[in-house]
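# Report on the structure
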Amino acid sequence: MTLPSDSQSSKFDHFSWTPIAPILMAAFAYAIARYGIWGPVPITHFPAYITNKAIAVFAVGVLALSAYHYVKGQYQCSKAEGRLVWHAALIHSALSLALLTEDYYPAFYAINGMNGNGELAVVFGVLCTYALWQVAHHSGLNHHRFKRLACLLAFLHLLPMSPNWINTSDWYGSMPPLSLISALLTLTALILYWRHRSN
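The structure presented is a predicted model; accordingly, all values stated were derived computationally and were not measured.

## Regarding the nonpolar core
- Grouped together as the largest cluster of nonpolar side chains are 50 residues, with contacts concentrated most on F58 and L132.
- At the level of secondary structure, the elements contributing two or more residues to this core comprise α1 (20-37), α2 (46-71), α3 (75-99), α4 (116-137), α5 (140-158) and α7 (178-195).
- Those residues within four positions of F58 in sequence are excluded, and the remaining contacts are I20, I23, L24, A27, L84 and A88.

This is the structure in C-alpha cells:
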C-alpha cells in the first residue's frame, strides 16, 4: 500500500483557516449555550470547564474534516489538520487531568474512587493522545495510519460517556451532549477512512 504522491493531490491542497475558525466558534457557542445558558454550570467554571468541552469537540471536528480532505485527495491539507488536532488534544488532555475530580465528573466516580467507566475513559484518552502525538511526528502513510488509530481510540474514549446519551429528558435545553456529537464525528471519520482504506 502506497500513499499517492503530492502531485496527484488537488490543486486546492493547502491548509486554510477558513473551515477551522467556524468549527472553533461553533464549538464554543454550543458549549456555552448547553452548559452555561441551559445547563447548571456557573460562569466561574467557564475558563477551564467550558473551554475544555469546546476544545474537545473542536478537536474531533477537525479530525473529521481531516478525514474528509484525505478522501478528497487533499493529503497535505489533511496532514496539517491532523497536526492541529494534536495540539487541541494536548490542551484538552491537560485541562481534563487538571479537572479530573468527582465534583466535575461524578459519573466517573464510585464510593471508593474512580469507577470502571472513568478508568476506561482515561485509558483510551491517554492512548488517543499518544496516537495523535505520532500523527504530529510522522509523515506519509504512517501519518494517516496513526490518524485512523486516533479516530478509533477517540471513539472508545467517548463510549464510557454513553449513558448520558440515552435519556433525552436530561439533555440541557434539548441539546445533545457534546460527547455524543464527538462520538458521531469520530464515527464519521472512521467510516470515511474505512471506505477509502486502499488509499
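## A word on α1
- For α1, built from 18 residues, the straight-helix expectation of 26 Å at 1.5 Å per residue is met to within 8% by its first-to-last C-alpha distance of 25 Å.
- For α1, the set of buried residues is I20, A27, A31, A33, R34 and Y35. Summarising the axial view, the buried residues of α1 lie within an arc of 165 degrees, below the 170-degree limit, and thus occupy one face. Of the residues in α1, the exposed ones pointing more than 90 degrees away from the buried face are M25 and I37.

## Let's talk about the packing of aromatic side chains
- Overall, the coordinates contain 9 aromatic pairs when judged by the stated rule.
- Arranged with centres 5.3 Å apart and planes meeting at 50 degrees, the rings of Y70 and Y193 form a pair that is tilted. In this pair, Y70 sits in helix α2 while Y193 sits in helix α7, placing the two residues 123 residues apart along the sequence. Neither Y70 nor Y193 differs from the other in exposure class; each is buried.
- Ring centres of Y130 and W133 lie 6.0 Å apart, and the angle between their planes is 25 degrees; on these two criteria the pair is classed as stacked. In this pair, Y130 and W133 both sit in helix α4, 3 residues apart, roughly one turn of the helix.
- What makes W133 partly exposed here is its relative accessible area of 34%.

## Some thoughts on the packing of α2 against α7
- The N-to-C vectors of α2 and α7 enclose an angle of 15 degrees; their axes lie 9 Å apart at closest approach. In terms of orientation, α2 lies roughly parallel with respect to α7. As α2 runs across α7, the sense of the crossing is left-handed. Counted together, K53, V57, V60, G61, L63, A64, S66, A67, Y68, Y70 and V71 of α2 and L178, I181, S182, L185, T186, A189, L192 and Y193 of α7 form the full contact between these two elements.
- A class-by-class count of the residues in the contact of α2 with α7 yields 14 nonpolar, 4 polar and 1 charged.

## Regarding the side chain of K147
- Mapped onto the fold, K147 is located in helix α5.
- Discounting residues that sit within four places of it in the chain, K147 has contacts with L63, S66, S78, K79, G82, V135 and Y193.

## Some remarks on a nonpolar patch on the surface
- Residues I32, I37, W38 and Y172 make up a contiguous nonpolar surface patch of about 420 Å² in total accessible area.
- Within the secondary structure layout, Y172 lies in the loop between α6 (163-166) and α7.

## A look at the environment of G116
- One can find G116 in helix α4.
- G116 gets classed as partly exposed once you look at its relative accessible area, which sits at 45%.
- Measuring from C-alpha to C-alpha, the distance between G116 and P160 comes to 8.5 Å, with 44 residues separating the pair along the chain.

## Topic: the confidence of the model for the protein
- Residue-level pLDDT values for the protein average 89, and 91% of them are 70 or greater.
- Confidence, read as mean pLDDT per element, is least for α6 in the protein (88) and greatest for α1 (96).
- Overall, residues 1-9 carries pLDDT values under 50, and its contacts beyond four positions in sequence, including any with other chains, amount to 15 contacts.

## Re the packing of α1 against α2
- Axis separation between α1 and α2 bottoms out at 8 Å; the angle between their running directions is 140 degrees. With respect to α2, the element α1 is oriented oblique. Here α1 and α2 pass one another in a crossing that is right-handed. Contacts from I20, I23, L24, A27, F28, A31, I32, Y35 and G36 of α1 reach α2 at F46, I50, T51, K53, A54, I55, V57, F58, G61, V62 and L65.
- Here the residues of the contact of α1 with α2 are counted per class, giving 16 nonpolar, 3 polar and 1 charged.

What counts and how
Residues numbered from 1 in each chain as written. Predicted model: local features only at pLDDT ≥ 70, side-chain atom pairs only at ≥ 80, totals over all residues. Heavy atoms only, no water. Core = buried A, V, L, I, M, F, W, Y, C linked by side-chain atoms within 4.5 Å. Buried < 20%, exposed > 50% of the residue type's maximum accessible area, 1.4 Å probe, protein only. Helix = DSSP H or I, 4+ residues; strand = E, 2+ residues; numbered from the N terminus. Contact = heavy atoms within 4.5 Å. Expected span 1.5 Å × (residues − 1). Arc of directions from axis to C-beta. Phe/Tyr/Trp six-rings, centres within 6.5 Å; stacked < 30°, edge-to-face > 60°. Axes fitted to C-alpha atoms, helices over the stretch in contact; angles between N-to-C directions. Parallel < 35°, antiparallel > 145°, perpendicular 65-115°, else oblique. Left-handed = near helix turned anticlockwise from the far one by under 90°. Nonpolar A, V, L, I, M, F, W, Y, C, P; charged D, E, K, R; others polar. Patch = residues over 30% accessible without salt bridge, like charges linked within 9 Å, V, L, I, M, F, W, Y side chains within 5 Å. Areas by Shrake-Rupley, 256 points an atom, 1.4 Å probe, with all protein chains shown as cover. Salt bridge = Lys/Arg side-chain N within 4 Å of Asp/Glu carboxyl O. pLDDT = per-residue confidence, 0-100.

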